[in-house]
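Residues per chain, in single letters:
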Amino acid sequence: MGGYIARRLASTLVVMAIVGIIVFLLVHLAPGSPAAIIAGDNASPAQIDMISHQLGLDEPLPVQFGIWAWNILRGNFGTSIFSGAPVMQLVVGRLPATVSLSLVTIVFAATIAVTAGVLAAWRAGGVLDRCLMGIAALGFSVPVFVVGYFLIYLFAITLHWLPVQGYVALSSGVWPWLSHLVLPALALGLAYLALIARITRASMLEVLSEDYIRTARAKGASSLSQLFHHALRNAGVPIATVIGIGIALLISGVVLTETVFNIPGIGRLTVDAITNRDYPIIQGVMVIFSGAYVVINLLVDLSYSLIDPRISR
Amino acid sequence: MSEATLSAIAVAERPRNFRRFWRRNPTLLIGGGVIALMVLLALAAPLFAGNPLAMDPMHRLRPPSSLLWFGSDNLGRDVFARTVYGARISLLLGVTVAFGAIAGGLVLGLLCGFYHRVDAVVMRVMDGLMAIPSILLAIALVSLWHGGVPVVIFAILVPELPRDVRLVRSIVLGVRERPYVEAAIAGGARTGKILRRHILPSTIAPLTVQGTYVCASAILVEAGLSFLGAGIPPNIPTWGNMIAGSQLYLAIAPWTIFCPGIALAVLVLAVNLLGDGLRDLLDPRLSRQP
């Protein structure tokens, strides 16, 4: 087990180093130097040269990468071109909204998807199965922002059940916080839910044909116990994996969802940075989101032995 | 039996064959049918749809009617015309990215499967690319590398690559252990010929299926990028641009958002159904890669 953890950690570090190189080169191979972006459209060549020198852009590329990577390791992601504030400070300020949205979505989507997948596998080929898998196919195809506007129109504008847009911090009460997150989480979670439900169904179908399920049925275990106690635990590893891998889908969706619902999170910060070509923010957010994705998947991999004790042997 | 009777039997059997094919592959036919219809509408757009760019300030935000089928937007432009012309961009872009990503995945995957040194480097880069959320990578490419539509296509294509490379690589690694490939190597065939004659054919069926999924995903990412203002320039009518431009009018003119939105969802669903149908038809064992 120790060897496995060490190997998995090492490969995580390699992936993060590659992510760093890709993100760094993305900016430095782009046409037009970062100095020209910072200086603005009306700057003279002399001004651009001066900024270049200040930023260390006249150093060789590997040296620049070394300095940049070292700063990131110390938590220094540079300063925003537009506002002049440190990127780290901007991201931390936006963190609560994005984390709230992501957590609510993951909890709600995973719970519904696993239940739906189990039920679909239980009565495979039946009406319930077909309906659930039809909804799943739809979930892959309808973009987040279309679902989002549809939900706003139906539940907020027409029915007045929930607020239209915006975000309220958890400190001002649980219901105000949650009520602002219900619709975004529904919109954001749909594709994620579809992905998990499909894998759960496939994984459960495989397990349900095993001998020990027949044994459980023979000794008189109830359907619920058969499904959730005997089968789901054995089908758990692929489900946990896809919950982890699906985070990538979720992160891309966060950027769109925060725009639709006007949630002041990291996604919104990134979108605002597009128009200003505020590349330190875009770079920083890419590194942070990729890092979160890689770490979550590391944790998922390490949790396999908890779900299925056979794996640690 | 004479030739005439044989052909008569063949003609009589055709509807039954078609019915059987239809019953076995409903998703393939529904998906394919919807796509064919949309391609037809997009190609014939100038014949029946109005001018997608013409503004009519006297008729702003009009609801759908017999004259304006999908109503008009905040500048008085015909939403139906814009939706039909938007299909052109989505279809063209989806197909371009699908072909590009499959071609790139094929070349890199074949090299990775056959040369260990290439494999070590390329697969690490692919791991890195996979860790970066696709829309962020595309946003960064589009906003930093000014350059219009070609950059947008490139930005949508790059995040799609890793899955295609992995797919081809895994097929190559499986096939190269087969006796007929070993025989070809032992027989002294050149590597290029082995790849072309003995390995390439095994990749065609899975790549056809994968290509449809890439196409669906590319259409979604393009719409997302345009919606965020990091895609196709806003003066071109794409579905993402239409939705972005109508955000403020959701409460008073929902059709300006839902018409392109539903068109987008229907097209992507059709492409996904076509992919599922092709998968079942070409290789029942091949399952969707998460």
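Please read all numbers here as calculations on a predicted model, not as lab measurements. (Residues numbered from 1 in each chain as written. Chains lettered and ligands numbered in written order. Predicted model: local features only at pLDDT ≥ 70, side-chain atom pairs only at ≥ 80, totals over all residues.)

Student: Before we go on, may I ask you to explain the overall build of chain A in this structure?
Tutor: Counting secondary structure elements, chain A contains 14 helices and 0 strands. For chain A, the α and β elements follow one another from N to C terminus as α-α-α-α-α-α-α-α-α-α-α-α-α-α. Overall size of chain A, expressed as C-alpha extent along the three principal axes, is 85 × 55 × 35 Å. Buried residues in chain A amount to 38% of all 313 residues. Of the contacts made within chain A by residues no fewer than 6 positions apart, 71% connect residues no fewer than 24 positions apart. (Helix = DSSP H or I, 4+ residues; strand = E, 2+ residues; numbered from the N terminus. Buried ≥ 20, exposed ≤ 12 C-beta atoms within 10 Å, placed from the backbone. Contact = placed C-beta atoms within 7 Å.)

Student: Hey, could you run me through the confidence of the model for chain B in this one?
Tutor: Low pLDDT means the predicted coordinates in that region are not meant to be read closely. Residue and element names in this part refer to chain B. Confidence in the prediction for chain B averages 85 pLDDT; 91% of positions are at 70 or higher. Within chain B, helix α4 (residues 79-114) carries the highest mean pLDDT (92), whereas helix α1 (residues 3-24) carries the lowest (65). Throughout residues 286-290 the model reports pLDDT below 50, and contacts reaching past four residues in sequence, or to other chains, amount to 10 contacts. Two numbers describe this predicted complex: its pTM, 0.87, and its ipTM, 0.86. (pLDDT = per-residue confidence, 0-100.)

Student: Which parts of the structure should I look at to understand the interface of chain A and chain B?
Tutor: On the chain B side, the residues contacting the 45 residues of chain A number 38 residues. Those elements that provide at least two residues to the side of chain A that touches chain B are α1 (2-28), α6 (127-141), α7 (144-158), α8 (174-208), α11 (236-245), α12 (247-260), α13 (266-276) and α14 (279-307) of chain A. Per-element tally for the side of chain A that touches chain B: the top contributor is α14(A), with 8 residues. Each residue belonging to the side of chain A that touches chain B can be placed in one class, and the counts come to 38 nonpolar, 6 polar and 1 charged. (Nonpolar A, V, L, I, M, F, W, Y, C, P; charged D, E, K, R; others polar.)

Student: Honestly, the nonpolar core in this entry has me stumped. Any pointers?
Tutor: Ranked by size, the top nonpolar core spans 167 residues in total, and within it A:I196, B:L136, B:A138 and B:I219 carry the most contacts. In terms of residues, this core owes the most to one element, α8(A), which gives 17 residues. Setting aside anything within four residues of it in sequence, one finds A:I196 in contact with A:A109, A:A110, A:A113, A:V114, A:G117, A:I239, A:V242, A:I243 and A:G246. (Core = buried A, V, L, I, M, F, W, Y, C linked by C-beta atoms within 7 Å.)

Student: Mind showing me how you'd approach the environment of B:L110 here?
Tutor: Following the sequence through the fold, B:L110 ends up in helix α4. Once the C-alpha coordinates of B:L110 and B:I199 are considered, the two residues, 89 residues apart in sequence, prove to be 8.5 Å apart.

Student: What exactly am I supposed to notice about helix α9 (residues 191-228) of chain B here?
Tutor: For an α-helix, 3.6 residues make a turn, and residues three or four places apart therefore share a direction. Residues and elements named next belong to chain B. With 38 residues, α9 ought to run about 56 Å at 1.5 Å a step, yet its terminal C-alpha atoms sit only 46 Å apart, falling short of that. When the local axis directions of α9 are compared, the greatest deviation, roughly 50°, occurs at L200, which is followed within four positions by the proline P201. Positive phi shows up at G229, right after α9, with a value of about 85°. (Expected span 1.5 Å × (residues − 1). Bend = angle between axes of the 7 residues up to and from the residue.)

Student: Explain helix α6 (residues 134-144) of chain B to me, please; I cannot follow it from the model alone.
Tutor: Summarising burial for α6(B): 11 of the 11 residues are buried, a large majority. Of all the residues in α6(B), the buried ones are B:S134, B:I135, B:L136, B:L137, B:A138, B:I139, B:A140, B:L141, B:V142, B:S143 and B:L144. The elements touched by buried residues of α6(B) are α1, α12, α13 and α14 of chain A together with α7 (149-175) and α9 of chain B.

Student: Would you mind going over the packing of helix α5 (residues 87-122) of chain A against α14(A) with me for this structure?
Tutor: Helix-helix packing: each pair is described by the crossing angle between the helix axes and the interaxial distance. Residue and element names in this part refer to chain A. At a minimum axis distance of 10 Å, the contact between α5 and α14 shows a crossing angle of 60°. Classified by the angle their axes make, α5 and α14 are oblique. Where α5 crosses over α14, the two elements pack in a sense that is right-handed. On α14, the residues touching V87, L90 and V91 of α5 are P280, I281, G284, V285 and I288. Of the residues contributing to the contact of α5 with α14, the split by class is 7 nonpolar, 1 polar and no charged. (Axes fitted to C-alpha atoms, helices over the stretch in contact; angles between N-to-C directions. Parallel < 35°, antiparallel > 145°, perpendicular 65-115°, else oblique. Left-handed = near helix turned anticlockwise from the far one by under 90°.)

Student: Would you mind showing me how to read the environment of B:A81 here?
Tutor: Residues and elements named next belong to chain B. Of note, A81 is situated in helix α4. For A81 and N17, which are 64 residues apart along the polypeptide, the C-alpha to C-alpha distance reads 39 Å. Ignoring anything within four residues of it in the chain, the contact list for A81 reads A49, G50, N51 and P52.

Student: For this particular structure, what's the right way to read the packing of helix α5 (residues 116-131) of chain B against α7(B)?
Tutor: Residue and element names in this part refer to chain B. Packing of α5 against α7 leaves a shortest axis separation of 9 Å and a crossing angle of 130°. The orientation of α5 with respect to α7, classified from their angle, is oblique. Here α5 runs over α7; the crossing is left-handed. In this structure, α5 contributes V122, M126, L129 and M130 to the contact, and α7 contributes V158, P159, L161, P162, V165 and R166. Across the contact of α5 with α7, the residue classes break down as 9 nonpolar, no polar and 1 charged.

Student: Help me out: how do you make sense of the environment of A:L178 in this one?
Tutor: If you trace the backbone, A:L178 turns up in helix α8. Judged by the 15 C-beta atoms lying within 10 Å of it, A:L178 is partly exposed.

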